[in-house]
Amino acid sequence: MTSRIPRDSRLRLVRPRPLAAAPRAVNQRRSRRPAPRPPEGTPAPAELAGMARTGLAGAARVARWADTALGPGRDGATDDGKATLSDATAERAAAELGLSAAQIRADWDTARLAGLVEVHGDSARPGWRLRAWDRDDSAVLRGWVALFDAWSLACPEPDGQEPAAVAEVVSAMPQVLSFLQLSAGPVPVEQLLDLLQQRVTELRTERCEVAYEPGTGQPAGSPAQADPAPATDASLAPLLDWALRALGSVGALTYGAGQATLTPLGSWAVWVKLEQICVAAQSPAGNIEQSAEDMLRGCAQLRPNAARAEYRAWLAARPVGSAVTELIDGARGDDALLRGLAFEALRVVGAPAEPDVRAVVEEPALRPYALLWLAEHDGVDPEDAHEALTREEATWLWVDTAAAVADHGEAPMLVRHLESAVQPTVPQLLDEVRAVGHPRTVQVLVALAAAHPDPALAKAVRRAAFQVHTGG
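Residues numbered from 1 in each chain as written. Predicted model: local features only at pLDDT ≥ 70, side-chain atom pairs only at ≥ 80, totals over all residues. Heavy atoms only, no water.

Caption draft 1: Structural detail: the nonpolar core. With 70 residues, the main nonpolar core has W108, L116, W144, W151, M173 and L196 as its most contacted residues. Tallying contributions element by element places helix α9 (residues 163–183) first for this core, with 9 residues. If we ignore the near neighbours within four places in the chain, the residues touching L196 are V169, A172, M173, V176, L236 and L240. Counting 66 residues, the second-largest nonpolar core is a separate cluster that includes A370, W398, A421 and V422. (Core = buried A, V, L, I, M, F, W, Y, C linked by side-chain atoms within 4.5 Å. Buried < 20%, exposed > 50% of the residue type's maximum accessible area, 1.4 Å probe, protein only. Helix = DSSP H or I, 4+ residues; strand = E, 2+ residues; numbered from the N terminus. Contact = heavy atoms within 4.5 Å.)

Caption draft 2: The arrangement of the environment of P453 in detail. Examined against the element boundaries, P453 turns out to sit in the loop between α22 (441–451) and α23 (455–470). For P453, a relative accessible area of 55% translates into the label exposed. Along the primary structure P453 and P412 are separated by 41 residues, whereas in three dimensions their C-alpha atoms are 9.5 Å apart.

Caption draft 3: Expanded view of helix α19 (residues 391–408). Between its first and last C-alpha atoms α19 spans 26 Å; for 18 residues at 1.5 Å apiece the expected length is 26 Å, and the two agree. With 13 of 18 residues buried, α19 lies mostly within the body of the structure. (Expected span 1.5 Å × (residues − 1).)

Caption draft 4: The environment of R53, seen in detail. Along the chain, R53 falls in helix α2 (residues 45–55). C-alpha of R53 to C-alpha of W144: the two residues are 91 residues apart in sequence and 8.6 Å apart in space. If near-sequence neighbours (up to four positions away) are discounted, R53 is found in contact with W133, D134, R135, D136, D137 and V140. Here W133 takes part through its backbone oxygen, which lies 2.8 Å from a polar atom of the side chain of R53. (Polar contact = N/O pair within 3.5 Å; in protein donor to acceptor, adjacent residues only side chain to side chain.)

Caption draft 5: Quick peek at the packing of aromatic side chains. Going through the model one piece at a time under the given rule, you end up with 3 aromatic pairs. On the numbers, 5.5 Å between centres and 10° between planes, the contact of W144 with F148 is stacked. Of the two residues, W144 and F148 both sit in helix α7 (residues 137–149), 4 residues apart, roughly one turn of that helix. On the accessibility criterion, F148 (3% relative accessible area) is buried. An angle of 25° between the planes, with centres 5.6 Å apart, marks the rings of F343 and Y369 as stacked. You can see F343 sitting in helix α16 (residues 336–349) and its partner Y369 sitting in helix α18 (residues 367–377), a full 26 residues away along the chain. The class of F343 is buried, set by a relative accessible area of 1%. (Phe/Tyr/Trp six-rings, centres within 6.5 Å; stacked < 30°, edge-to-face > 60°.)

Caption draft 6: Structural detail: the pattern of salt bridges. For the coordinates displayed, the defined rule picks out 23 salt bridges. Between R347 and E344 there is a salt bridge whose closest N-O contact spans 2.7 Å. Here R347 and its partner E344 are both found in helix α16, 3 residues apart, which amounts to about one turn of the helix. R347 serves as the salt-bridge partner of E376, at 3.0 Å between the closest nitrogen and oxygen. One end of the pair, E376, is in helix α18; the other, R347, is in helix α16, and 29 residues separate them in sequence. Exposure remark for E376: the relative accessible area of 16% places this residue in the buried category. A single network of salt bridges, built from pairs that share partners, joins E293, R297 and D335. (Salt bridge = Lys/Arg side-chain N within 4 Å of Asp/Glu carboxyl O.)

Just geometry here; none of it tells us what the structure is for.
Pasting the structure below:
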């Protein structure tokens, strides 16, 4: 330590968000877009929240029961490691709540999708939304939107369907829902099927999918005449029926008598997502058509609130499952800045991203970010979420964030990054940084030595970089 660094100042790990999302042009002015008004006839937020509470009453009841009956130290909630309610627990809940075991299972799955209950190992705990259920309308609406986003998980798809066809229908349904919202009334299923067929055919055309002659392995017709395989009513009708029933089960629409109509909640949710897309399309960034990696690079220049608006718009234009997968793939790259931004975008996703985030906890490059995300998702205050990390994990994250600053920030920011370390002294920090094995350690230490104004400290950092480089 030198006189320029206080000896009695305990350095503390801060969240990577301010550093990862730091803008290069802090004085950049942005025109403020007037807050959009929902379509005429849309119920007030309090009324919408009341509808959501009614629709999710069964899920909230099971979540509260799980809070008291399945918490830590009590009997396990699941027996397969996949958050599926065990038979014994389902029967117990059915007896205590006066419901059938099938209804308990359905409400349990709904509660998980809406973020009202979270499963960790074989124990269950309430989600933060359940804690705020009776007093916070926005928490209720976020929970319902999380369920709406996960509609394809609410009901199993029909047997015998190709996974690719199911994925195409899931990708095409936002356009179908937009048409329902703009129609503002009942729409015949035949009309929706025609729209779905057109959209699926467009998706296949974009992929240049070619129809093959059965048994030959050769394209139908000459190569110059090969056309994308057209979607047919016969192949899409059962999948459209499944999609409408699944959306009906989450309360987004009513379906029957050969027609479908969005509920007030469904109409409001689709309108919100359309508005998010419009906001992004009108913004200087306009990243909704980009890949996750390109979108994150575009958001690196934005202030945190503007970046979150871009994330919401990008997510609104995609099925939540594929969007989460794409973000996590982007986080696996070499750019540490994109890693931090990807998990910021996953914070916007919320509960539907939890299984995917939990699945990457064992990947060294993603583990600290995933643990912080899960801690915050479990209701831990963001300022205290760093306590979920071990000393080694916190050090690894410090190096990774420093790499992002070195690549995309300025020298003073890298010097200030010293203050975010968990180690109380620079010598301790250097010892543990050398031991943590981050692939960017040498580059980070060299950049820090070049940036730091204290010659003695810079010399110590350069020596540490040389030792790591030579394997010392």
